[in-house]
Every structure is written in structure tokens, then in C-alpha cells.
Amino acid sequence: MSQSVDTIVAYLEVLHANKHLIAAAYCNSGIASNEENQRKIRQLMQHRVLIPYVQQDFRISPTLGRHLDEVFQRQRSYAVGANFVDLANRLRQLIIEYTTASNENRLEDQEDYAAEYDAGVFELASLIHDELLSLRAITENQFANVSTMAEKQRQNEFYLDRAEKIGETIALLEGENLLGTLSESPLLKPLLEVYQHQVLVKLAGWRSTHMDITSVLKAFLYRLRQIEPNARRIRAFAHFLRKNPDYQTPDSESIQTLPAWSSRYAGLRLKTHPDLSVSQSRDALAEIAQSIPSAKISIVRERAAGSRINDGEVNGVRILQPKPVQLAFHRYLQAASSSQVPLSAIDWKRKQSKFSTLGDDAWLLYAIHSIEMLGKEFKSGRWQGIQVKRDLAPAEHIRSGNIVIKDVALWKKT
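Residues numbered from 1 in each chain as written. Predicted model: local features only at pLDDT ≥ 70, side-chain atom pairs only at ≥ 80, totals over all residues. Heavy atoms only, no water.

1. Focus: the packing of aromatic side chains
Thought 1: For the structure shown, the criterion picks out seven aromatic pairs.
Thought 2: An aromatic cluster is defined as three or more aromatic residues linked by ring pairs; in this entry it consists of Tyr-332, Trp-348, Phe-355 and Trp-363. (Phe/Tyr/Trp six-rings, centres within 6.5 Å; stacked < 30°, edge-to-face > 60°.)

Below, the structure is given as C-alpha cells:
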């Protein structure tokens, strides 16, 4: 462990020693090699900080670049978010491996999978938070880093698609596919506690933020579609002016009749509002409000009409068919009630070709369970007088507490 810590410290010292070179490569989208920085660039290449680009030019590694973008909140055009579906599927696979290691009593592997699961849940929660934070910043500044209307619309649709993917991820995290798996077994309680602390307590906030972002993006897209026809006409007029630079608008005095297009303008729509800062306006409004009679509130309750259940269905009854093992035990019980000698369950089942697909162990386990459930029926009930005999295997050693049942037999006592 100490050696690993020392290695990380040595790597951070390399970054600190070349901080100016790394900052220049990040801010200038690359750096050129020369005699002064050649040795430092070679050292950073060995640590995967710089990557060759063309000839003597080098660029910062994409992973470190994304980290710096996140720290300094640098927005990239059409930046691709994390693949949340793959991360969620990875958590499900870790849960399966954790359960398998526990069942096989591999405690060290079980601890390793638990640690990997904890780190995976933390990574997923952190990425969702960062993605929502990034989209919130983009929507608040109206992501206006484009120059054309068509590009603006394409950018809006791209970010809306990213927001919808986050919504699908939130639905996946609170669905039965992952949460149901964690809740179905007490063995997974430690993993469920981690999931509860890192994800479930934050889902409500994530969902609220996601709805705000999606509503803003949809509103912008709606407004862009409304503005597009007018923008198209403006672009057409601008194109006409570029092709005809000598065009002069006609003098308004020489126009006798206005063209038809001038009548399309509806004029300014003025809205008046009282000035509440003036005491006279406030007093007049108070008198008007007092003169308005109070409205009579009456609540009318309407009972909705009901509907018939299974209306129009020809067959509303479904008949349940017994399972093969249930049918086999019922017939075995009938055969045992007519037998005066012990009737072996294993031997009886093997003679029945219809139930040849039933395994001996599964059949014996079901028969023993059903016999225990019918214990009272054998004493004073429908199957009164049925005797039960178990064929037990010898104990493996004198202190063994296990009871191994090899077979069970039933017969009717006369």
C-alpha cells in the first residue's frame, strides 16, 4: 500500500513540476516541442499526460483534458456525456459476482466486489450530478455560442436528447431491474445501504432538476420553430441586399397606395397597469375591491358512472392446471391409500412413465414437504390411517447432526 501511495505522489510531483507546460498545452490546444522543453515533454509523454499530435506538436491527453474542463467549467460544443446505461449494467454484474462469491464462500473476492460496487455507485451518482449541473449551466446561459438559426436549433435538439437520456437513467435507477435485485435478498443488504445513501436519497432532487432543464429546452425549441419562418424571410431579404448592393428603398412621399404587405402589421399592443406607488391609486383600488360582492362558492359533486368488470368477455374464468409434481403426488397418495404394505415414493415414481421428467431429488423433496403439510389429515381427516416411514441414511460420523433422507414410504393401516 505504501509503495502505491509513493507512486501516486511521484506522479503528482511530475505534474506540479511541469504545471506551466501543462497549462499552456490545455489553454492553447497543444504545444510545440523545442530545445528548451524537449526533456519535459518526453517526461510528460512517459506519464501519459501529453500525446503526440503531428510532427513536433503535442496535445494534452483526453482524460486529463476532460478533468480540467470539469474543474474550470469549460463548455465544449456538442460534448458527449457519460454512458449511464453501461454503468448501471456494470453495477448489476457486480451484484451477481458478489452473490456468487458469497455462495461459494470466497470471502476475499466478495470484499473486492463490494468495494468495486461501492466505487461504481459513487461514480455513477457523481456523473449524473455533474451532467445535470452542466446542462443546468448550459440552459441558464441559453447556450448562445452559435451564429445561425439552424445551428441553434440543432444544438437545442442535441442537448434535449442528452436530457432525455438522463431521464431514462433516473427511471432505470428506481426501477425493479436494479433496485428490485438489491431488495430481494438479505445477503445484499450492505449493497442496498450503499445504494440508498448514494442514489435513492438523491433521486428526488435529480428528477426535479431534470424536469426544469427539459422544460427550458422544450420551450426554447418551441420558440425557435415559431421564429424560423420570420428568420427565413429576413435571410432572404439579406441575400437580396447582398446580390443588389445598389438597391434603394422607394421614397415614402412618392407612394400613393400602400402595398398589401404593409397591412399585415397589427401595430403595438399596449397594456396599462396601475401605478401602486401613488397613494391615490392604492386608495381607489381598495374602494373598488371593497365594493365587489363576495362570490358564492358552491361545490357540485358529481358521481362518475361505473363500468362493468370483464364487460363483453366471453370467458372471464381461468382454470388453473396443476403442475406435474402436484399431480404425481396426488396419484401417489391415492396408490398408497390402497396399499397395505409400505409403498416407496422413489420406486413408484420410476414406474410412472408419465412423470419420468421429474428428478428423484426434486420429487422426494416435494413429497416430504407435502407429507408434513398433511400431517393432521393423516390423523383425523380425509387421509386418516395413512402411515409414514422414512428411509434414513447412516450418519457420516458419531457427532454429525445432519439427517439424510434416502426415501419415504406410505401405506394404509388396516
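2. Comments concerning a nonpolar patch on the surface
Thought 1: Taken together, the side chains of Phe-237, Phe-240, Leu-241 and Tyr-247 define a hydrophobic patch exposed on the protein surface, amounting to about 360 Å² of accessible area.
Thought 2: One can find Tyr-247 in the loop between α10 (203–243) and α11 (279–291).
Thought 3: Judged by relative accessible area, which is 37%, Tyr-247 ranks as partly exposed. (Patch = residues over 30% accessible without salt bridge, like charges linked within 9 Å, V, L, I, M, F, W, Y side chains within 5 Å. Areas by Shrake-Rupley, 256 points an atom, 1.4 Å probe, with all protein chains shown as cover. Salt bridge = Lys/Arg side-chain N within 4 Å of Asp/Glu carboxyl O. Helix = DSSP H or I, 4+ residues; strand = E, 2+ residues; numbered from the N terminus. Buried < 20%, exposed > 50% of the residue type's maximum accessible area, 1.4 Å probe, protein only.)

3. Details of the sheet that holds strand β1 (residues 31–32)
Thought 1: The three strands are arranged β1-β3-β2 in an open sheet whose pairing can be described as antiparallel. Single-partner strands in this sheet number two, and they are β1 and β2 (50–52).
Thought 2: Packed onto the sheet, helix α3 (residues 38–46) meets β1, β2 and β3 (57–60) and runs at close to 100° relative to β2. (Pairing = 2+ DSSP bridges. Contact = heavy atoms within 4.5 Å. Axes fitted to C-alpha atoms, helices over the stretch in contact; angles between N-to-C directions.)

4. Considering the sheet that holds strand β6 (residues 405–412)
Thought 1: Strand order across the open sheet formed by three strands is β4-β6-β5, with antiparallel pairing between neighbours. Unpaired on one side and paired on the other, β4 (343–344) and β5 (386–392) mark the two borders of the sheet.
Thought 2: On top of the sheet, helix α12 (residues 324–337) reaches β4, β5 and β6; it is set at about 55° to β6, its chief contact.
Thought 3: Lying over the sheet, helix α14 (residues 360–373) contacts β5 and β6, oriented at roughly 50° with respect to β6.

5. Structural notes on unusual backbone geometry
Thought 1: We note that Asn-105 has phi near 60°; this positive angle belongs to a residue other than glycine.
Thought 2: Mapping Asn-105 onto the fold places it in the loop between α5 (84–103) and α6 (107–140).

6. Examining empty space enclosed by the protein
Thought 1: Per the stated rule, a full pass over the model turns up one cavity of 30 Å³ or more.
Thought 2: A volume near 30 Å³ is recorded for the largest cavity.
Thought 3: Lining the largest cavity, in full, are Ala-88, Asn-89, Arg-92, Leu-172, Asn-177 and Leu-178.
Thought 4: When contributions to the lining of the largest cavity are tallied by element, the ones reaching two or more residues are α5 and α8 (176–183).
Thought 5: Residue contributions to the lining of the largest cavity peak at three residues, all from α5.
Thought 6: Counted by class, the lining of the largest cavity contains three nonpolar, two polar and one charged residues. (1 Å grid on protein atoms, 1.4 Å probe; cavity = no way out; pocket = protein on both sides within 12 Å on 5 of 7 lines; lining within 4 Å. Points joined across faces, edges and corners; volume = space filled by probe spheres on them. Nonpolar A, V, L, I, M, F, W, Y, C, P; charged D, E, K, R; others polar.)

7. What to know about the nonpolar core
Thought 1: Core analysis: the largest hydrophobic core is formed by 30 residues, its most contacted members being Tyr-117, Leu-173 and Trp-206.
Thought 2: Contributing elements (two or more residues each) for this core: α5, α6, α7 (149–173), α8, α9 (189–198) and α10.
Thought 3: Looking at this core, the element that brings in the most residues is α6, giving eight residues.
Thought 4: Among residues more than four places away in sequence, those in contact with Leu-173 are Leu-124, Ile-128, Leu-178, Leu-179, Tyr-195, Val-199, Leu-203 and Trp-206.
Thought 5: In terms of nonpolar packing, the next biggest core, distinct from the first, is built from 21 residues, Trp-348, Ile-368, Trp-383 and Val-408 among them. (Core = buried A, V, L, I, M, F, W, Y, C linked by side-chain atoms within 4.5 Å.)

8. Looking at the packing of α12 against α14
For any two helices packed against each other, the geometry is given by the interaxial angle and the distance between the axes.
Thought 1: Interhelical geometry of α12 versus α14 gives an angle of 60° and a closest axis separation of 11 Å. As judged from the angle between their axes, α12 and α14 are oblique. Where α12 crosses over α14, the handedness of that crossing is right-handed. From α12, Val-325, Gln-326, Ala-328, Phe-329 and Tyr-332 reach across to α14, where they touch Trp-363, Tyr-366, Ala-367, Ser-370 and Ile-371. (Parallel < 35°, antiparallel > 145°, perpendicular 65-115°, else oblique. Left-handed = near helix turned anticlockwise from the far one by under 90°.)

9. Comments concerning the pattern of salt bridges
Thought 1: Applying the stated criterion across every chain, the model contains eight salt bridges.
Thought 2: Here Arg-90 makes a salt bridge to Glu-116, at a shortest N to O gap of 3.2 Å. Of this pair, Arg-90 sits in helix α5 while Glu-116 sits in helix α6, placing them 26 residues apart in sequence.
Thought 3: A salt bridge links Arg-162 to Glu-131, with the nearest nitrogen and oxygen atoms 2.6 Å apart. In this pair, Arg-162 is assigned in helix α7 and Glu-131 in helix α6, connecting sequence segments 31 residues apart.
Thought 4: Taking the relative accessible area as the measure of exposure, Arg-162 reaches 9% and is therefore buried.
Thought 5: Within this structure, Glu-104, Arg-106 and Asp-109 form a network of salt bridges that share partners.

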